[in-house]
Amino acid sequence: ADYVLKTQLPRLGLVVDRCLREAGERRKHQQASEALRASETRYRRLFESAQDGILIMDPESEQIADVNPYLIDMLGYPKDQLVGKKLWEIGLLKDTAANKEAFSQLQSTGYVRYDDLPLETVGGRHMDVEFVSNVYLVGNERVIQCNIRDVTERKQAVQQLHTLTDLLEQKVKDRTVQLEALNRELEAFSYSVSHDLRAPLRQVTGFIRILREEASDKPGTRAPELIDRILSSVNHMNGLIDALLHLANHSLTGFLRERIDLSALVSLAAAELRQGEPSRDVEWNIAAGVVTDADAQLLRIVVDNLLGNAWKFTAKRNPARIDFGCLPPAGGPTIYFVRDNGAGFDMVHAAKMFGAFRRLHSGADYPGSGIGLATVQRIIHRHGGRIWADGVPNRGATFWFTLTGERPAVDSANGGARIRIAPPASEQRDLIN
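Residues numbered from 1 in each chain as written. Predicted model: local features only at pLDDT ≥ 70, side-chain atom pairs only at ≥ 80, totals over all residues. Heavy atoms only, no water.

Here we take up the overall build of the protein chain. Helix and strand counts for the protein chain come out as nine helices and twelve strands. Here the protein chain holds 433 residues, and 35% of them are scored as buried. If you take every contact in the protein chain between residues at least 6 apart in sequence, the share linking residues at least 24 apart comes to 59%. In the form shown here, the protein chain has an accessible surface area of approximately 26300 Å², with 54% of it arising from carbon and sulfur atoms. (Helix = DSSP H or I, 4+ residues; strand = E, 2+ residues; numbered from the N terminus. Buried < 20%, exposed > 50% of the residue type's maximum accessible area, 1.4 Å probe, protein only. Contact = heavy atoms within 4.5 Å. Areas by Shrake-Rupley, 256 points an atom, 1.4 Å probe, with all protein chains shown as cover.)

Listed below in structure tokens is the structure:
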């Protein structure tokens, strides 16, 4: 790098310092050059392996300086037909005036984006592209980079989604129209049942009364007994008609969820049952503070039917016992129950008990229309829940039900729910399973 004469040894320290500085600057320059080459290599690899079309333009000449292989494959143009040309000269974007205006905007703002731009390949194939262009500095020179992404499949998928959505909406409209038509038919059926079927029964009742008056003059015959049986059958038929109307009307009523004190509702129904037969010895255990979200009118029908059944089927128990409570939610909806120590039932017939007019006990021992549990099941299903039962003959029954979509059933402000009678361990395992 330098030399020092023996006669000029005082220069030695200065020369060594200068040589060290120059060597450091050379090392820095070499490192910068290596970093630049590494950066250029990384850029070139990204540029050539990118799964989007990329082209580089010169802002001054407005010509394409470079294109990546993906863009060449996408468009079908050889590289030499792209490099050196202006964007609107290669036939990709047909609207020359609009492209020149967009280029002027890019020059002034440094950024242009089109989310859905039609483009034509060398073979005349049309595609939709996402076009993003921005200006940045490389050293002291401005460079324009354009990224072109084929969004034809995405656009087709979005269009297909819109088509399916429209189809679904139309199906919903069609089903709504069908449902409204079915409701009108159900209303017409209810009207027909109420009026057309009752008219012959009224005539039969009138004829029976006439026969009874005539039979009163002929003692010693079985006519009065047979007439009473016929009249009882007519009354039973009237009761079945009322039950059918009752079941049909629950499908037509409105539905409104609201916060309900279920414990209070059960207590009210229990008080009404006690008033009807004050002489009966029945022990009630009603959990306090149980609240839920449900339709108040429909849930009252559920409570009346379940408690009414428990009251009816414990008529031969002394003392009778009826429990109401709930199981705290464990990752699922709250489970409510009504339990009694009455007649019970054989689990072989459990699947039949929620059908209309299905009865598991003699009508002479336990009167009823056989429509109550069918009504209860329909109302529970309208709430999005389910109902099931466990029973043992002569040892009582338990009816379980859920009301899906509700908030927690224990109201801490009212002291929490107390379930005095826990279900047997086997029932708890069944619930968990």
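Moving on, there is more to tell.
Here we come to helix 6 (residues 262-276). For helix 6, built from 15 residues, the straight-helix expectation of 21 Å at 1.5 Å per residue is met to within 8% by its first-to-last C-alpha distance of 22 Å. Where helix 6 is concerned, the buried positions are L262, S263, L265, V266, A269 and A270. Projection of helix 6 onto a plane perpendicular to its axis shows the buried side chains occupying an angular sector of 160 degrees, all on one side. Next to the buried residues of helix 6 lie strand 6 (258-261), strand 7 (282-286), strand 8 (291-294), helix 7 (296-313), strand 9 (320-327) and strand 10 (335-340). (Expected span 1.5 Å × (residues − 1). Arc of directions from axis to C-beta.)

Our next topic: the sheet that holds strand 12 (residues 396-402). The strand order across the open sheet built from five strands is 7-9-10-12-11, with neighbouring strands paired in mixed fashion. What marks the edges here is a single partner per strand, and that holds for strand 7 and strand 11 (387-392). Each adjacent strand pair in this sheet contributes to an overall mean axis angle of 10 degrees, direction not counted. One ladder, built from six bridges, connects strand 10 with strand 12; its direction is antiparallel. Counterpart to F337 in the pairing with strand 12 is W400. (Pairing = 2+ DSSP bridges. Axes fitted to C-alpha atoms, helices over the stretch in contact; angles between N-to-C directions.)

By secondary structure assignment, the location of D66 is in strand 2 (residues 64-67). Side chain to side chain, D66 and K79 meet in a polar contact 3.3 Å long. When near neighbours in sequence (up to four residues on either side) are disregarded, D66 contacts R44, F47, I54, L55, I56, K79 and V83. (Polar contact = N/O pair within 3.5 Å; in protein donor to acceptor, adjacent residues only side chain to side chain.)

Two numbers describe a pair of packed helices, the interaxial angle and the distance between the axes. At their nearest, the axes of helix 7 and helix 8 (residues 372-382) sit 9 Å apart, and the two run at 145 degrees to each other. For helix 7 against helix 8, the interelement crossing comes out left-handed. Contact with helix 7, carried on its side by L298, I301, V302, N305, L306 and N309, involves G372, L373, T375, V376, I379, I380 and R382 of helix 8 and no other residues of that element. In terms of residue class, the contact of helix 7 with helix 8 is made up of eight nonpolar, four polar and one charged. (Left-handed = near helix turned anticlockwise from the far one by under 90°. Nonpolar A, V, L, I, M, F, W, Y, C, P; charged D, E, K, R; others polar.)

Let's shift gears to the packing of aromatic side chains. Tallying each qualifying case throughout the model produces three aromatic pairs. Geometrically, the ring pair formed by Y336 and F401 is stacked, given 5.3 Å between the ring centres and 25 degrees between the ring planes. One end of the pair, Y336, is in strand 10; the other, F401, is in strand 12, and 65 residues separate them in sequence. On the basis of relative accessible area, F401 is assigned to the buried category, the value being 2%. Residue placement shows R280 over the ring face of W311; its charged tip is 4.3 Å from the ring centre. Directly above the aromatic system of W388 lies the positively charged group of R386, at a separation of 3.9 Å from the ring centroid. (Phe/Tyr/Trp six-rings, centres within 6.5 Å; stacked < 30°, edge-to-face > 60°. Lys NZ or Arg CZ within 6 Å of the ring centre and 35° of its normal.)

Here we take up the environment of G124. Summarising the element assignment, G124 is placed in the loop between strand 3 (111-120) and strand 4 (126-138). Sequence separation of G124 and L75 is 49 residues, and the distance between their C-alpha atoms is 9.7 Å.

What follows concerns the pairing of strand 7. Extensive coverage of strand 7 is indicated by the burial of four of its five residues. In this structure, strand 7 lies alongside strand 9, joined through five bridges in parallel fashion. Pairing of E283 across the sheet is with R321, part of strand 9.

Right, let's talk about helix 1 (residues 12-49) for a bit. Taking 1.5 Å per residue as the helical rise, helix 1 with its 38 residues ought to reach 56 Å, and the 55 Å between its terminal C-alpha atoms agrees with that figure. Buried within helix 1 are the following residues: V15, A23, G24 and F47. At its buried positions, helix 1 is contacted by strand 1 (53-57), strand 2 and helix 2 (69-75).

This part covers the packing of helix 6 against helix 7. In contact at an axis separation of 10 Å, helix 6 and helix 7 are set at 45 degrees when each is read in the N-to-C sense. In terms of orientation, helix 6 lies oblique with respect to helix 7. Our pair here, helix 6 against helix 7, has a crossing hand that is right-handed. Together, L262, L265, V266, L268, A269, A270, E272, L273 and R274 of helix 6 and L299, R300, V303, D304, L307, G308 and W311 of helix 7 make up the contact between the two elements. Here the contact of helix 6 with helix 7 is built from residues that sort into eleven nonpolar, one polar and four charged. (Parallel < 35°, antiparallel > 145°, perpendicular 65-115°, else oblique.)

Glancing now at the sheet that holds strand 4. Within the open sheet, the five strands sit side by side as 2-1-5-4-3. Their pairing is antiparallel. Two strands lie at the open edges of the sheet, namely strand 2 and strand 3, each paired on one side alone. Direction aside, the axes of adjacent strands within the sheet are offset by 25 degrees on average. With three bridges joining them, strand 1 and strand 2 adopt antiparallel strand pairing. From the neighbouring strand, M57 faces strand 2, where its bridge partner is I64.

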